[in-house]
Amino acid sequence: MDIQVLGALEARMYGLPVDLGGPRQRAVLALLLVARGSVVSIDRLADDLWHGEAPPRAIAALQVYVSHLRHALEPDRAPRATATVLVTAAPGYALRLPAGSVD
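Here's a quick rundown of the structure. All chains use their own residue numbering, which begins from 1 and follows the written sequence. Predicted model: local features are reported for residues with pLDDT of at least 70 only, side-chain atom pairs are reported and counted for 80 or more only, and whole-chain, interface and lining totals are derived from all residues. No hydrogens and no water enter the side-chain calculation; it runs on all heavy atoms of the structure.

### Considerations on the overall build of the protein chain
- What counts as a helix is a DSSP run of H or I of at least four residues, what counts as a strand is a run of E of at least two, and both are numbered from the N terminus. In terms of helices and strands, the protein chain carries three helices and six strands.
- Helices (α) and strands (β) of the protein chain occur, in sequence order from the N terminus, as β-β-β-α-β-α-α-β-β.
- The C-alpha atoms of the protein chain give a radius of gyration of 13 Å, which matches the 13 Å a tight globule of 103 residues would have.
- For every residue, the accessible area (1.4 Å probe, protein chains only) is compared with the maximum for its type, and the residue is labelled buried under 20%, exposed over 50%, or partly exposed between those bounds. In the protein chain, buried positions account for 34% of the 103 residues.
- Every accessible area reported is derived by Shrake-Rupley at a probe size of 1.4 Å, with residue values counting cover from the shown protein chains alone. Carbon and sulfur atoms form 55% of the exposed surface of the protein chain, whose accessible area is close to 6,300 Å². The quantity called the radius of gyration is restricted to C-alpha atoms. Its globule counterpart is 2.2 Å times the number of residues to the power 0.38.

### A closer look at the sheet that holds strand β5 (residues 86-89)
- By definition, two strands form a pair when at least two bridges between them are found by DSSP. Taken in spatial order, the three strands line up as β4-β6-β5 in an open sheet, and their pairing is antiparallel. Each end of this open sheet is capped by a strand with a single partner; those strands are β4 (40-41) and β5.
- With two bridges connecting them, β4 and strand β6 (residues 92-95) associate as antiparallel partners. When the bridges of β6 are listed, S41 appears paired with G92.
- Sheet contacts for helix α1 (residues 23-34): β4, β5 and β6; angle to β6, the most-contacted strand, approximately 70°. By the convention used here, residues are in contact when the closest approach between their heavy atoms is within 4.5 Å. All axes are obtained by fitting lines to C-alpha atoms, using only the stretch in contact for helices, and the reported angles, taken between N-to-C directions, cover 0 to 180 degrees.

### Describing a nonpolar patch on the surface
- Patch rule: a residue counts if its relative accessible area is over 30% and it has no salt bridge; like charges are joined within 9 Å, and nonpolar side chains (Val, Leu, Ile, Met, Phe, Trp, Tyr) within 5 Å. Any carboxyl oxygen of Asp or Glu that lies within 4 Å of a side-chain nitrogen of Lys or Arg is treated as forming a salt bridge with it. On the surface, V5, L6 and V102 cluster together into a nonpolar patch covering about 240 Å² of accessible area.
- Relative to the elements of secondary structure, V5 occurs in the loop between β1 (2-4) and β2 (10-13).

### Focus: the pairing of β6
- When β5 meets β6, the two strands line up antiparallel, connected through four bridges. Bridging from a neighbouring strand, L86 pairs with L95 of β6.

### Quick look at the nonpolar core
- The term nonpolar core refers to a set of buried residues drawn from Ala, Val, Leu, Ile, Met, Phe, Trp, Tyr and Cys, joined through side-chain atoms within 4.5 Å. Within the largest apolar cluster, 26 residues are counted, with the highest numbers of intra-cluster contacts made by L20, V28, L29, L32, L86 and L95.
- Listed by contribution, the elements that provide at least two residues to this core are β2, α1, α2 (42-49), α3 (58-73) and β6.
- Examining the composition of this core, we find that seven residues originate from one element, α3, more than from any other.
- In this structure, V28 is in contact with L49, L62, Y65, V66 and L69, ignoring residues within four places of it in sequence.

Below is the structure:
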């Protein structure tokens, strides 16, 4: 997996582009990338995505974005298998990427 953050946010797996979804889903990925492996809390993600005015179902929407990103970043992961790239870690989420996979 290679992720490009300089310029347009893009990801490639096996040399092929990865569909990172819409703007908010891509923003979740960007926020996690900026954290450089540290856990980003769900509250922080919601605040940043909705500029401090999260809608009532913001947490559910965030969970959907994470689910879709997990599928995109780990397409070979078996259903219900533990994620190894975009991981759940209290109180939120973190990216666990190999060294050198982000420009």
